[in-house]
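Results of the structural survey
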Amino acid sequence: MIILKTVINLIVAGYGAVAVAATTTALFLLYALNIALAMRKVTGNYMDKELGKNVLKIILAGVSAFAVFVICKMALPSFMAHKVLFLIPLALCGAVYCAVLLVSGIVRVILKSR
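Basis of the calculations
- Residues numbered from 1 in each chain as written.
- Predicted model: local features only at pLDDT ≥ 70, side-chain atom pairs only at ≥ 80, totals over all residues.
- Heavy atoms only, no water.
- Helix = DSSP H or I, 4+ residues; strand = E, 2+ residues; numbered from the N terminus.
- Rg over C-alpha atoms; globule rule 2.2 N^0.38 Å.
- Buried < 20%, exposed > 50% of the residue type's maximum accessible area, 1.4 Å probe, protein only.
- Contact = heavy atoms within 4.5 Å.
- Areas by Shrake-Rupley, 256 points an atom, 1.4 Å probe, with all protein chains shown as cover.
- Axes fitted to C-alpha atoms, helices over the stretch in contact; angles between N-to-C directions.
- Parallel < 35°, antiparallel > 145°, perpendicular 65-115°, else oblique.
- Left-handed = near helix turned anticlockwise from the far one by under 90°.
- Nonpolar A, V, L, I, M, F, W, Y, C, P; charged D, E, K, R; others polar.
- Polar contact = N/O pair within 3.5 Å; in protein donor to acceptor, adjacent residues only side chain to side chain.

**Describing the overall build of the protein chain**
Looking only at helices and strands, the protein chain has six helices and zero strands in total. In sequence order, the secondary structure elements of the protein chain are arranged as α-α-α-α-α-α. Taken over the C-alpha trace, the protein chain has a radius of gyration of 17 Å; the compact-globule value for 114 residues is 13 Å, which it surpasses by more than 25%. Within the protein chain, the proportion of its 114 residues that are buried is 18%. Within the protein chain, residue pairs in contact and separated by at least 24 positions form 48% of the contacts whose partners lie at least 6 positions apart. With an accessible surface of roughly 8,800 Å², the protein chain has 76% of that area assigned to carbon and sulfur atoms.

**Topic: the packing of helix α3 (residues 49–75) against helix α5 (residues 87–104)**
For the pair α3 and α5, interaxial distance at closest approach is 8 Å and the crossing angle is 155°. Relative to α5, the element α3 is oriented roughly antiparallel. Crossing hand, α3 versus α5: right-handed. Contacts between α3 and α5 involve K57, I58, L60, A61, G62, S64, A65, V68, F69 and C72 on the former and, on the latter, P89, L92, C93, V96, Y97, V100, L101 and S104. Residues belonging to the contact of α3 with α5 are distributed by class as follows: 14 nonpolar, three polar and one charged.

**Remarks on the environment of A36**
Relative to the assigned elements, A36 resides in helix α2 (residues 17–43). Along the sequence, A36 and L10 sit 26 residues apart, while their C-alpha atoms lie 28 Å from each other.

**Let's talk about the side chain of S104**
When you line up the elements, S104 lands in helix α5. Engagement of the side chain of S104 in a polar contact is seen with the backbone oxygen of V100, the distance being 2.9 Å.

As structure tokens, this is what we get:
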């Protein structure tokens, strides 16, 4: 997986950090799907309606964070190109992601399962 990620990153590096991040996300999604299918063979079918709803909530959090990134990139282009100031929109994206997970109840589900 790491070798494949490195090779793909070298191929798409010319397209910028967003392309590298997108390929990393896609590879991790494939990895998670692979692990889920392997677990299904061992533990049986654990896919149910509640899991589907929780996955959609996590996707909503990711989409919300990405929307904040796009808004920051359009509204604050100088921040995104700065060596240090890009951390402000990045932190804002992380805060939005965590807030959506908290409001949607995913944090409660994770803490309850421990």
